[in-house]
Amino acid sequence: MRVYMSKENLEQFLAWLSSDSMVTTLPGDGGRTQDVFAFLRTPLSASVEAVFGGRFSGESKWQFPLVEKLDLVGYYQKEKDIFYNADTCMGSLAEEIKAETQARILACLDENSDAIKAGTSEKARFWVDGVDDYARDREVLKMFFEGEEFPVPCFVAPEKGDLIDSLEDREAVVQKLTAKTLEEKMDEYACYLLCKERRDKAYAKFIKNTPKKALITRKIMAAAKAEEEKGAMNLCVEIQNKEGKTMSFSFPADHLSRAPGSALGSFFYSAYAVPKKVRDSIKKFFQGEEDRPWLAKDGFYPEEILRITYKKKEVYVKR
């Protein structure tokens with residue numbers, strides 16, 4: 001339930017929370033001044049109370065007890081004198097607890113990775129062996145182009161009871177969730193560690209002998225992203241075909257600042273990026289190149305870009 005209060009009513013409400021009274025009423029706000037806000041506190045533990053509330057018209061019977069007519073408003077932590085709104089604050093609290101627990105889990109995985117990998121179950125090893133080389137290569141390219149680390153799985157799911165308990169002893173709840181999640185999801189975490197190990201080896205090999213095309217693509221992405229962050233929406237792209245001819249056109253910066261695909265043979269796709277007239281011109285520009293894939297007929301490869309400019313300033317030049 002959401003309750004909108006005037007500043008005066010809010011001050012009275014907060015004062016009531018720290019008082020000895022378990023019930024209170026406040027006058028309504030706005031155009032319904034005949035209405036009444038009714039609130040009730042009920043203990044959940046020695047230091048946490050649930051707060052219920054409801055709005056009633058002046059003609060309604062709002063005498064207590066009204067638990068069946070009241071909605072949950074939030075929780076009050078008596079020792080810290082903090083009120084947690086049920087609609088917003090509890091959602092934020094859940095994310096905080098989740099993040100703190102995940103940090104503990106990652107620290108545990110980092111400290112005990114060798115032991116966890118050594119004790120990996122057959123099921124987890126079966127999952128790891130099921131990751132093919134193509135999928136691993138895509139992860140390597142994603143990290144090379146975008147700098148993204150191998151995704152860490154998160155299985156932390158605090159329940160309502162955990163959130164309420166955390167208002168009284170947050171550390172105990174984080175410890176409990178950490179132990180519970182590691183116990184229930186150890187196979188998944190072992191799979192993550194083994195996959196990461198294999199991917200890191202593949203990445204190190206890729207870096208040692210990085211293909212020229214990958215270096216060109218990353219340089220183009222970096223140049224476009226730098227201009228995009230300065231506010232550029234479109235950049236002028238000049239491309240060259242096998243005959244040595246060139247053509248220029250405007251192309252969205254955000255299409256150049258992200259990897260053109262999941263493989264080194266990928267190209268910058270013009271669909272949804274430029275008008276049909278420009279796409280047709282690109283298609284005609286590369287007409288006659290028989291070895292060009294059908295999907296790339298109206299697109300262009302990173303190595304086909306001669307230069308990129310923004311407001312006549314060169315931001316990328318092919319070397």
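Here's what I pulled together on the structure shown here. Every residue gets a number counted from 1 within its own chain, in the order that chain's sequence is written. With the structure being a predicted model, the display of local features is reserved for residues of pLDDT at least 70 and the display and counting of side-chain atom pairs for 80 or more, all residues being used for whole-chain, interface and lining totals. Only hydrogens and water are set aside; all other atoms, that is, all heavy atoms of the structure, feed into the side-chain values.

Topic: the pattern of salt bridges
Step number 1: A side-chain nitrogen of Lys or Arg and a carboxyl oxygen of Asp or Glu constitute a salt bridge if their distance falls within 4 Å. This model, assessed by the stated rule, comprises 22 salt bridges.
Step number 2: The closest approach of N and O atoms between Arg 199 and Asp 200, which form a salt bridge, is 2.8 Å.
Step number 3: Think of it in three bands: with a 1.4 Å probe and only protein chains considered, a residue is buried below 20% of the maximum accessible area for its type, exposed above 50%, and partly exposed in between. In this structure Arg 199 comes out as buried when scored by relative accessible area, which is 1%.
Step number 4: Among the residues examined, Asp 200 registers a relative accessible area of 28% and is labelled partly exposed.

Thoughts on the sheet that holds strand 4 (residues 71-77)
Step number 1: Note on pairing: DSSP must find at least two bridges between two strands before they are called paired. Put simply, DSSP H or I for four residues or longer makes a helix, DSSP E for two residues or longer makes a strand, and each gets a number counted from the N terminus. One open sheet holds the five strands; their spatial order is 1-2-3-4-5, and the pairing between them is antiparallel. Either end of the sheet is taken by a strand with one partner, and the two such strands are strand 1 (23-27) and strand 5 (82-85). Sheet twist, expressed as the average angle between the axes of neighbouring strands with direction ignored, equals 25°.
Step number 2: Summarising the sheet, strand 4 and strand 5 pair through four bridges and their orientation is antiparallel. Its bridge partner being in strand 5, Gln 77 is matched across the sheet by Ile 82.
Step number 3: Contacts between helix 6 (residues 160-168) and the sheet are confined to strand 3 (48-56), strand 4 and strand 5, with strand 4 contributing the most and set at about 35° to the helix. Angular values range over 0 to 180 degrees, each being the angle between N-to-C directions of two axes fitted as lines to C-alpha atoms, with helices fitted over their stretch in contact. Throughout, a residue-residue contact means that at least one pair of heavy atoms, one from each residue, lies within 4.5 Å.

So, the packing of aromatic side chains
Step number 1: Only Phe, Tyr and Trp rings take part, Trp by its six-membered ring, and two of them pair if their centres are within 6.5 Å. Stacked means planes under 30 degrees apart, edge-to-face means over 60, and tilted covers everything else. Per the stated rule, a full pass over the model turns up 15 aromatic pairs.
Step number 2: Summarising the aromatic geometry, the rings of Phe 249 and Phe 300 are spaced 5.5 Å apart at their centres and angled 65° between planes, so their arrangement reads as edge-to-face. Taken as a pair, Phe 249 in strand 7 (residues 246-252) and Phe 300 in the loop between helix 11 (276-285) and strand 8 (305-310) lie far apart in primary sequence, 51 residues in all.
Step number 3: Using a relative accessible area of 7% as the deciding quantity, one classes Phe 249 as buried.
Step number 4: Judged by its relative accessible area of 0%, Phe 300 falls in the buried class.

Side note on unusual backbone geometry
Step number 1: Even without being glycine, Asp 81 reaches a positive phi, approximately 55°.
Step number 2: By secondary structure assignment, the location of Asp 81 is in the loop between strand 4 and strand 5.
Step number 3: Taking relative accessible area as the criterion, Asp 81 reaches 49% and is therefore assigned partly exposed.
Step number 4: Residues other than glycine seldom take positive phi values, yet Tyr 272 does so here, at roughly 65°.
Step number 5: Among the structural elements, Tyr 272 can be located in the loop between helix 10 (253-256) and helix 11.
Step number 6: The exposed category is assigned to Tyr 272, whose relative accessible area is 79%.

A short note on the sheet that holds strand 8
Step number 1: Read across the open sheet, the four strands follow the order 7-6-8-9; overall the sheet is antiparallel. Among the strands making up the open sheet, the edge pair consists of strand 7 and strand 9 (313-317). Geometrically, the sheet is characterised by an average inter-axis angle of 25° between neighbouring strands, direction not taken into account.
Step number 2: Taken together, the seven bridges between strand 6 (residues 234-240) and strand 7 define a ladder with antiparallel strand orientation. Residue pairing for strand 7: Asn 234 is matched across the bridge by Pro 252.
Step number 3: Running over the sheet, helix 9 (residues 212-229) touches strand 6, strand 8 and strand 9 and is turned about 155° from strand 9.
Step number 4: Sheet strands in contact with helix 11 are strand 6 and strand 7, and its direction is about 145° off that of strand 7.

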